[in-house]
Amino acid sequence: MPSGTAQHGTGRTPTHPQPSNSSGVDSTIAQPIVIPPSEHGISDADISGGALKVLETLTDAGHGAYLVGGGVRDLLLGLKPKDFDVATAATPETVRSLFRSCRLIGRRFRLAHVRMGREIIEVATFRAGSDTSAGDPDHQRVDGRIVRDNVYGTLEEDAWRRDFTANCLYYDHRERTVIDFTGGYADARERRLRVIGSAAERYREDPVRMLRAVRFAGKLGFDIESGTSDAIHDLAPLIEDMPPARLYEEVFKLFMAGAARANYELLRRYGLFGHLFPETGACIEAEPDGVAATLAGRALDSTDARIASGRPVTPGFLFAALLWEPVLRDSEACIARGMPHLRAWDAAGADVIERQVQHVSLPRRFSLMVREIWGLQPRLVNRRGHGAASRLLAHPRFRAAYDFLLLRAESGEDVAEHARWWTRIQEADDGERRSMPEDRRAPKRRRRRRRGRAAARPEPTGQPAM
Ligand code: ATP
Ligand code: MG
């Protein structure tokens with residue numbers, strides 16, 4: 001039980017308590033509902049050994065400690081949590097002193113990573129709400145945005161500063177109860193995503209919450225409550241003020257966790273996508289059925305399918321697909337200025353990536369992979385003899401580049417013949433390889449099968465000059 005304030009409730013569907021002010025901090029008005037094990041159905045067997053050990057160690061040392069966030073939410077929904085988060089009254093330094101393997105991370109939001117065997121448990125100290133913290137140097141805002149959130153507080157205060165009600169359920173492992181301050185239990189049961197407090201204010205405090213809303217709705221199949229979604233349309237541009245590295249982390253979670261297509265559709269619906277990938281967004285707006293949209297859709301579907309069947313995925317491949325149309329456009333512009341094709345192609349790739357990482361960063365190993373996938377496309381299209389083909393087959397990025405060629409063919413680009421050739425040569429033995437027709441260099445002005453603006457553009461990967 002949380003100290004002093006929680007009631008032993010019946011666990012019946014709670015009315016939705018609202019804080020008395022828009023920033024969501026008032027522990028006196030909303031008494032938590034306490035849901036017994038017979039109703040919530042969570043048992044210790046569902047919780048990882050590492051998380052239980054962390055909870056026990058903290059509570060044995062006299063510090064309140066609860067499971068919170070995605071772990072509790074997912075267990076209630078009958079899903080397997082991907083990890084477990086713990087909220088505690090102990091400060092990060094105290095947490096560090098209690099565990100053998102513990103690292104303190106984060107400046108904006110300081111927290112402890114406790115390693116338990118192969119697991120990492122994220123342990124966050126209860127935070128005070130914005131009102132309590134006003135004027136404290138450990139709580140800082142710039143234009144309403146929270147840039148430092150390290151003022152510690154009580155369990156109740158911690159509840160009201162969280163993002164969505166369904167993410168704000170605390171599991172008390174000693175009492176085996178779920179403690180609900182914000183109506184998250186009913187919202188989770190009714191599959192509803194609701195921001196805690198005033199949506200506009202909470203998004204201004206941290207615009208990444210808009211992306212989180214989409215991610216949870218996509219992953220959990222929740223409806224986004226209207227107040228929670230309406231504010232996104234107005235405030236989506238605030239995403240552009242976010243540090244690119246933080247946006248990369250969020251984009252990674254949006255697209256690399258099995259619900260990429262659903263999340264992409266929601267990002268588009270709420271006007272968020274174009275603030276993450278401005279050039280791709282502009283291409284899709286201009287031509288909703290064009291190469292950019294088709295390629296993005298197919299790449300996202302294939303990412304989801306690979307994850308569903310346990311195959312590896314990489315953000316490199318996805319970024320290569322998302323940025324393909326901007327690269328085509330850029331290289332075309334360079335060629336029009338008289339640059340040789342191959343140089344134009346290379347320069348366009350570098351420039352598009354450089355502009356994109358101003359918005360969403362991409363670790364260097366992945367941006368190199370993107371460049372390699374793009375760089376191999378002309379070589380896959382301009383086959384120059386079996387020696388070259390064998391070298392390409394042995395290239396470490398051949399598989400990704402070939403998959404990318406397949407994706408382009410499926411998306412309507414005129415490269416299907418080349419894709420088939422590379423499929424056949426991979427299946428052929430040595431003798432068959434030698435008897436396959438080799439150099440199928442594209443005619444100078446190969447046109448794409450697709451109609452529209454994109455179709456009229458020269459196919460850069462098919463140019464003999466490259
Ligand atoms: P996932 O399944 O993706 O881990 P999660 O809900 O556990 O989902 P985390 O990013 O692990 O998400 O965060 C843990 C909890 O911390 C959240 O459930 C939420 O209560 C709180 N939280 C995280 N990020 C924010 C934020 N930007 N603003 C407010 N609360 C947040
Ligand atoms: Mg989590």
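Before any of the text, the structure's been laid out above.
The structure presented is a predicted model; accordingly, all values stated were derived computationally and were not measured.

(A) Fine view of the pattern of salt bridges. According to the stated counting rule, one finds 30 salt bridges in the structure shown. Put simply, Glu-93 and Arg-110 hold a salt bridge, and the shortest N to O gap is 3.1 Å. A residue pair is termed long-range when its members are at least 10 positions apart, and Glu-93 in helix H4 (residues 92-98) and Arg-110 in the loop between strand E4 (102-105) and strand E5 (111-116) qualify at 17 residues. With relative accessibility at 38%, the residue Glu-93 sits in the partly exposed group.

(B) Expanded view of the environment of Gly-375. You can see Gly-375 is positioned in helix H19 (residues 364-381). As a C-alpha pair, Gly-375 and Ala-401 span 26 residues in sequence and 8.7 Å in three-dimensional space.

(C) Representation of the site of ligand 1 within the structure. The full set close to ligand 1 counts 17 residues, and Gly-70, Lys-82, Asp-206, Arg-209 and Arg-215 are the nearest of them. Contact with the protein chains hides 88% of the accessible area of ligand 1, taken as 590 Å² for the molecule alone. For the shell around ligand 1, the secondary structure elements donating two or more residues are helix H3 (70-76) and helix H9 (208-220). No other element matches the 5 residues that H9 contributes to the shell around ligand 1. A per-class count over the shell around ligand 1 returns 1 nonpolar, 3 polar and 13 charged.

(D) Looking closely at the pairing of strand E8 (residues 145-149). Relative to E8, strand E7 (residues 139-142) runs antiparallel, the two being bridged by 4 bridges. Among the inter-strand pairings, Gln-140 is bridged to a residue of E8, identified as Arg-148. What sits between E7 and E8 in their antiparallel hairpin is a turn of 2 residues, with Asp-143 showing a positive phi close to 50°.

The rules behind the values
Throughout this document, residue positions are counted from 1 along each chain, in the order its sequence is written. Whichever chain is written first is A, and whichever ligand is written first is 1; the rest continue in order. In view of the model being predicted, local features appear only for residues whose pLDDT reaches at least 70, and side-chain atom pairs are presented and counted only at 80 or more, with totals across whole chains, interfaces and linings using the full set of residues. To get the side-chain values, take all heavy atoms of the structure and skip hydrogens and water. Definition used for salt bridges: Asp or Glu carboxyl oxygen within 4 Å of a side-chain nitrogen of Lys or Arg. By definition, any uninterrupted DSSP run of H or I lasting at least four residues is a helix, any uninterrupted run of E lasting at least two residues is a strand, and each is numbered from the N terminus. Partly exposed residues are those whose accessible area sits between 20% and 50% of the maximum for their type, while under 20% is buried and over 50% is exposed, using a 1.4 Å probe and protein chains only. Nearness is defined per residue: one heavy atom within 4 Å of the molecule or strand is enough. Here the Shrake-Rupley method, with its probe set to 1.4 Å, supplies the accessible areas, and only the displayed protein chains count as covering residues. In this classification, the charged set is Asp, Glu, Lys and Arg, the nonpolar set is Ala, Val, Leu, Ile, Met, Phe, Trp, Tyr, Cys and Pro, and all remaining amino acids, among them Gly, are polar. We call two strands paired when DSSP finds no fewer than two bridges between them.

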